[in-house]
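# Results of the structural survey
Spelled out from the first residue to the last, the chains are:
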Amino acid sequence: MEHIRTRFAPSPTGYMHIGNLRTALYAYLIAKKDPEGKFLMRIEDTDQGRLVEGATDIIYETMKQCGLKHDEGPDIGGPVGPYVQSERVKIGLYMKYARELVHRGGAHYCFCDEEEIQAQRSEDGDSFKFVDPCRNLTIEEAEKRIENGEKFVIRQTIPSEGTTTFQDEVFGSITVENNTLDEQVLIKSDGFPTYNFANVIDDHLMGITDVVRGMEYLSSAPKYNLLYESFGWNIPRYIHCPPVMKDEHNKLSKRNGDASFQDLVAKGYLPGAILNYIALLGWAPETNQELYTLDELVQAFNVKRINTSGAIFDPVKLTSINGLWLRNMSLDEYYELAEPYIAQAVKGNYDLKKIAAICQVRANTLNEIPEMLDFFDEFPHYDISLYNHKKMKTNPEIALKSLQAAGALLETLDTWDHDTLHDRLMELPAQLEMKNGQLLFPLRLAITGKQSTPGGAIEIAEILGKEETLRRLNLSIQQLKDAQ
């Protein structure tokens, strides 16, 4: 039985695009469905002009943060290396197979000037109408011109007639007319292979059984198949994925300022939550389950449930999923993540773990935390109009009555903990003939200066302590009295 081998083959040209990360995730999930499956990393750096220094390190770090551990790759080696295309160029690998392809009739040497080719294409008005006169040269004639120092490229030879059919796991069977296929360059004049040639050679030599890539490569698949057939090689299973869209008309693109994985992490999103969300972009689970760990995704993933249409990246949905991930953590796990963000805003002598507990219920991203907590160290000035709250049925007059009663009660307490505060304060609404909210809402506002906070009045009062709670409460009571 043939075991599954997939690969993630990024180009080190910048930050990790969300679409690229989803491709890596799907390739990983497909490989790991097979207990003996292998997930490979290959760096495709043949386009030397677009390389960005440090980008390879970003790729490794992203994969590490997401838990997408590769079984073979440039950093850990493996039986079919090297795993960097430029290193494979140095050992003459691609030129060797290109020359073999020429002798098999699947390619030919081309000495045409690229400007002449583009001019003919422009004149024809169709980029697929170029007819390469070099196809008529014999191999001996071509090689003699090469010996004489003429520059050349190697182009794929496409049959002039007939059709090519390929099978895709997402889009089904697709047939194209051969006369619509461009005779693409396989080896450039500098000796470097093009992406379209190198990935076919590498996928075969690395034993890749399942190729996962974006649907923008659907149009190239027939040419890939013709290459495989010319060599007499088995064709891998294709899984072409729909694009990740910014909106109905535009793809998500870092060039257009859309967030990369690194941007999202910097905004306080968890790698696991990001991975969870992008798995659902273009793939429909068989159940209504929404939250998935990586191991759960391995079990649930099925390529037959990948959609054919693009999926729109929804930051609101991502934020919601991230919030659920945060709330599903134990308090200890959450505190370990949240403590640096809490410490940005809270410098006073407060129990940061208790602050973490109230943040965990409300914050959907880690970056939201500091702004939520700015009232702890500095009691802000606020407008008493905030006491007007239709839903809570409060106004400044009701608030003053509630706060005076609360203040008198709190002054008498010798024990200051959550249960005591809760039990004693909840006696007041009935005594004052009020609803609970008519006491608790004004009290929270009176000790925070904010209409909206993580945690309620009781939780915040416990953290602030008796002295600071009463100090703030008395200031708020005086403010209400002065306004009468």
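Report on the accompanying structure. (Residues numbered from 1 in each chain as written. Predicted model: local features only at pLDDT ≥ 70, side-chain atom pairs only at ≥ 80, totals over all residues. Heavy atoms only, no water.)

Take helix H8 (residues 221-231) next. With nine of eleven residues buried, H8 is to be regarded as a mostly interior element. Of the positions making up H8, those classed as buried are Ala221, Pro222, Lys223, Tyr224, Asn225, Leu226, Leu227, Tyr228 and Phe231. Immediately beyond the C-terminal end of H8, within one or two residues, lies Gly232, with a positive phi of roughly 75°. (Buried < 20%, exposed > 50% of the residue type's maximum accessible area, 1.4 Å probe, protein only. Helix = DSSP H or I, 4+ residues; strand = E, 2+ residues; numbered from the N terminus.)

Moving on, we come to the packing of helix H13 (residues 331-345) against helix H14 (residues 352-362). One way to put it is that H13 packs onto H14 with a least axis distance of 9 Å and a crossing angle of 100°. The angle between the axes of H13 and H14 places the two elements in the roughly perpendicular class. In this structure, H13 contributes Leu331, Asp332, Tyr334, Tyr335, Glu339 and Ile342 to the contact, and H14 contributes Leu352, Lys353, Ile355, Ala356, Ala357, Cys359 and Gln360. Broken down by class, the residue content of the contact of H13 with H14 amounts to nine nonpolar, one polar and three charged. (Axes fitted to C-alpha atoms, helices over the stretch in contact; angles between N-to-C directions. Parallel < 35°, antiparallel > 145°, perpendicular 65-115°, else oblique. Contact = heavy atoms within 4.5 Å. Nonpolar A, V, L, I, M, F, W, Y, C, P; charged D, E, K, R; others polar.)

Attention now goes to the pattern of salt bridges. In this structure the tally under the stated criterion is 21 salt bridges. When the shortest N-O distance is used, the salt bridge between Asp71 and Lys32 registers 2.8 Å. In this pair, Asp71 sits in the loop between helix H2 (55-66) and helix H3 (85-90) while Lys32 sits in helix H1 (residues 18-33), placing the two residues 39 residues apart along the sequence. Taking the relative accessible area as the measure of exposure, Lys32 reaches 23% and is therefore partly exposed. Note that Asp374 and Lys450 form a salt bridge whose closest N and O atoms lie 3.0 Å from each other. Linking Asp374 in the loop between helix H15 (369-372) and helix H16 (396-411) with Lys450 in the loop between helix H19 (436-448) and helix H20 (457-464), this pair joins segments that are 76 residues apart in sequence. (Salt bridge = Lys/Arg side-chain N within 4 Å of Asp/Glu carboxyl O.)

Bringing the packing of aromatic side chains into the picture now. For the coordinates displayed, the defined rule picks out 16 aromatic pairs. Between the aromatic rings of Tyr97 and Phe231, the centroid separation amounts to 6.0 Å while the plane-to-plane angle is 75°, which identifies the pairing as edge-to-face. Linking Tyr97 in helix H4 (residues 93-104) with Phe231 in helix H8, this pair joins segments that are 134 residues apart in sequence. Judged on exposure class, the residue Tyr97 and its partner Phe231 are both buried. Arg145 extends its terminal NZ or CZ atom over the ring of Phe111, reaching a point 4.3 Å from the ring centre. (Phe/Tyr/Trp six-rings, centres within 6.5 Å; stacked < 30°, edge-to-face > 60°. Lys NZ or Arg CZ within 6 Å of the ring centre and 35° of its normal.)

Right, let's talk about the nonpolar core for a bit. If you look at the biggest cluster of nonpolar residues, it comprises 105 residues, and the most contacted ones within it are Leu68, Ile355, Ile369, Leu373 and Phe376. A per-element tally of this core places H1 first, with ten residues. Apart from the residues lying within four places of it in its own chain, the contact partners of Leu68 are Leu21, Ala24, Leu25, Tyr28, Phe39, Met63, Leu275 and Leu294. (Core = buried A, V, L, I, M, F, W, Y, C linked by side-chain atoms within 4.5 Å.)

Below, the discussion takes up the state of the cysteines. Scanning the entire structure with this criterion turns up zero disulfides. Of all cysteine sulfurs, the one in Cys66 lies closest to Cys241, which takes part in no disulfide; the gap is 16 Å. Owing to a relative accessible area of 2%, Cys241 belongs among the buried residues under this scheme. (Disulfide = S-S within 2.5 Å.)

Our focus in this paragraph is the side chain of Glu462. Here Glu462 lies in helix H20. Within the structure, the side chain of Glu462 is placed 2.9 Å from the side chain of Lys354, a separation counted as a polar contact. Excluding its chain neighbours within four sequence positions, the residues that come into contact with Glu462 are Lys354, Trp416, Asp417, His418 and Leu421. (Polar contact = N/O pair within 3.5 Å; in protein donor to acceptor, adjacent residues only side chain to side chain.)

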